[in-house]
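So the chains spell out like this:
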Amino acid sequence: MAILEVKNLSISFEQYRSGLKREVIDVMSNLSIELEEGEILAIVGSSGSGKSLLAHAMLNILPENAKTSGQIFYEGKPLTDVELTALRGKELAFIPQSVNFLDPLMQVGKQVRQSSRNGNAVEKQRSVFECYHLGKEVEKLYPFQLSGGMARRTLLSTAAVSDAKIIIADEPTPGLDEVVIQEALRNFREFADENRAVMLITHDIGAALTIADKIAVFYAGTVVEIAPVGDFSGKGEKLRHPYTKALWRALPQNEFTPIPGAQPHLSDLPKGCLFAPRCPLMTEACTVERPRVRELRDGKVRCIHAT
Amino acid sequence: MRLEAKGIGFKYEKGPWLFRDVNFHVEAGEVVGITGASGRGKTTFCRILAGFERALEGEILLDGQKILPKGMHPVQLVLQHPEQAVNPRWKMRKVLEESGTFDENIQRLLGIEKEWLSRWPGELSGGELQRFCVARAISASPKFLIADEMTTMLDAITQAQIWQAVLETAKERNMGIIVVSHERKLMERLCDRIVEL
């Protein structure tokens, strides 16, 4: 059963240009995604594709000038903003991307203990720190005294001690060494296996492949493909969307070959398919309207040419 | 051309030694990776190599000579977060011109579009900004480039784009590269040899 479901989420930002001229920028359009019980859903895609925005929308922590439409369902029930806010920290744990989310004026051990709701918080915090190879002296340190990797491990610990049903992890692994990454990923897997769920936002496709069940690929504020992990293999023949294929081929462990161009700017999106300007399969029809999401071979794709 | 670190030791104020007696060298045209657990001082070591920090022990030599503290430093460093490496009040053209040169060929290689030059840093994504930081670092022809987690925050396609451009330029100019990264597969793809700090 879907424990958390996002339906037709659109986000736009209202900005002031020069003087009092207002401008609305659509940063996400009609995005739908489901998080199943016992499942790890990895979200990959380029920076600026809206991965973090989705996480922030699910936690209701978008900035004030953001307008959203669409609905979020938790255990089948639609949520209001107030209910959503009540869930976070209890049912929903968040591992933010930036280590600046730590309180600069509180010892990190105390910060981690705060997110534990039941049981012995001190004991839990110590065992989690040990599991992430953080020495005993670290709990008394302040964030500015930590290295980048240590701060990130502290963020991971806050989610690990909580009793949440869902972890939303936004890029939890960059800058960490292999041993700690493996440890963190194993913890996510164990967490999900207890009939809970993890949404793992990452651009480390290699790491996502080892633990995730499904991978959703983002491009310019929309989901272009959702595929089971097994499809990410070989030369990417089983993948559906041309962007996913290009992403797969660009990995250092594969061909390491880039495609030209860059993701379009959100203020200047193409009218048709968002990937069309860079796509080898582009035809006249691609530039007319945005392709709809359709089911294809046990996954979903937003491309009229995909087979 | 050979960049050499001899018996480098460093600590922050009254803290314990971060590392001592570190020896390291890179030849021109060579790509060397540095790995090590987080908190081991990889970034600090890079900062010492690039002249941002002074070692408390040991010395950095370029072809056996000390590097003079004037003019452009022959060892250039590109960091993980481009947002922190550009002046937010300068337009991108000025950011590039900071290096003293304006190499259109490198901009083309890195996929920097003409239209981006008239934008403010806040109007570009991390991947786009990082292209500018790389262009700024290599267009004045440094002898060595240090890439400290240079593409960690970027997606695979942008990562491949930037690295292909850097490798091509390095080959052309016989520039040495030092790569710091936690991504083993990227290191294996790029490096001639990998050392652990």
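A. Inspection of the overall build of chain A at higher detail. Helices and strands together make up the secondary structure of chain A, namely eight helices and 12 strands. Against the compact-globule benchmark of 19 Å for 307 residues, chain A has a radius of gyration of 20 Å, which places it among compact chains. Projected onto the principal axes, the alpha-carbon positions of chain A cover approximately 60 × 50 × 40 Å. Burial status across chain A gives 54% buried among its 307 residues. Sequence separation of 24 or more characterises 64% of the internal contacts of chain A that already satisfy a separation of 6 or more. With an accessible surface of roughly 14000 Å², chain A has 52% of that area assigned to carbon and sulfur atoms. Charge-centre separation for chain A: the mean point of 36 positive side chains lies 3 Å from the mean point of 38 negative side chains.

B. Up close: the layout of surface pockets. Residues and elements named next belong to chain A. Computed from the structure, the second largest pocket encloses a volume of approximately 600 Å³. As for the second largest pocket, its lining consists of 20 residues, and the residues nearest its centre are Gly89, Phe94, Pro96, Ser115 and Thr158. Elements with a minimum of two residues in the lining of the second largest pocket: strand 6 (92-95), helix 3 (108-114) and helix 5 (148-161).

C. Structural context of the pattern of salt bridges. Residue and element names in this part refer to chain B. This model, assessed by the stated rule, comprises 24 salt bridges over all chains. The salt bridge partner of Glu188 is Arg184, with a shortest N-O separation of 3.2 Å. Within this pair, Glu188 and its partner Arg184 are both found in helix 6 (residues 184-190), separated by four residues, close to a single helical turn. By relative accessible area, Arg184 is classed as partly exposed at 46%.

D. Representation of helix 1 (residues 42-49) of chain B within the structure. All names here are of chain B. In terms of residue burial, helix 1 counts as a mostly covered element, since six of its eight residues are buried. The set of residues buried in helix 1 consists of Lys42, Thr44, Phe45, Cys46, Ile48 and Leu49. Gly51, located one to two residues past helix 1, shows a positive phi value of around 85°.

E. View of empty space enclosed by the protein. All names here are of chain A. Enumeration over the complete set of coordinates arrives at four cavities of 30 Å³ or more. Roughly 60 Å³ of internal volume is contained in the largest cavity. Around the largest cavity, the lining residues are Tyr219, Thr222, Val224, His241, Cys273, Leu274, Phe275, Arg290, Pro291 and Arg302. Its residues placed into classes, the lining of the largest cavity shows six nonpolar, two polar and two charged.

F. The arrangement of the sheet that holds strand 7 (residues 166-170) of chain A in detail. Residue and element names in this part refer to chain A. Read across the sheet, eight strands follow the order 6-7-8-3-9-10-12-11 without closing on themselves; strand pairing throughout is mixed. Every interior strand has two partners, whereas the edge strands, strand 6 and strand 11 (294-296), have only one. Across the sheet, the mean angle separating the axes of adjacent strands is 25° when strand polarity is ignored. Both strand 11 and strand 12 (residues 299-301) contribute to a ladder of three bridges, which runs antiparallel. When the bridges of strand 12 are listed, Arg294 appears paired with Val301. Here helix 1 (residues 51-58) sits on the sheet in contact with strand 3 (40-45), strand 6, strand 7, strand 8 (197-201) and strand 9 (214-219), set at roughly 145° to strand 8.

What counts as what
- Residues numbered from 1 in each chain as written.
- Chains lettered and ligands numbered in written order.
- Predicted model: local features only at pLDDT ≥ 70, side-chain atom pairs only at ≥ 80, totals over all residues.
- Heavy atoms only, no water.
- Helix = DSSP H or I, 4+ residues; strand = E, 2+ residues; numbered from the N terminus.
- Rg over C-alpha atoms; globule rule 2.2 N^0.38 Å.
- Buried < 20%, exposed > 50% of the residue type's maximum accessible area, 1.4 Å probe, protein only.
- Contact = heavy atoms within 4.5 Å.
- Areas by Shrake-Rupley, 256 points an atom, 1.4 Å probe, with all protein chains shown as cover.
- Lys, Arg positive; Asp, Glu negative; His and termini not counted.
- Charge placed at Lys NZ, Arg CZ, Asp CG, Glu CD.
- 1 Å grid on protein atoms, 1.4 Å probe; cavity = no way out; pocket = protein on both sides within 12 Å on 5 of 7 lines; lining within 4 Å.
- Points joined across faces, edges and corners; volume = space filled by probe spheres on them.
- Salt bridge = Lys/Arg side-chain N within 4 Å of Asp/Glu carboxyl O.
- Nonpolar A, V, L, I, M, F, W, Y, C, P; charged D, E, K, R; others polar.
- Pairing = 2+ DSSP bridges.
- Axes fitted to C-alpha atoms, helices over the stretch in contact; angles between N-to-C directions.

Geometry only, nothing functional implied.
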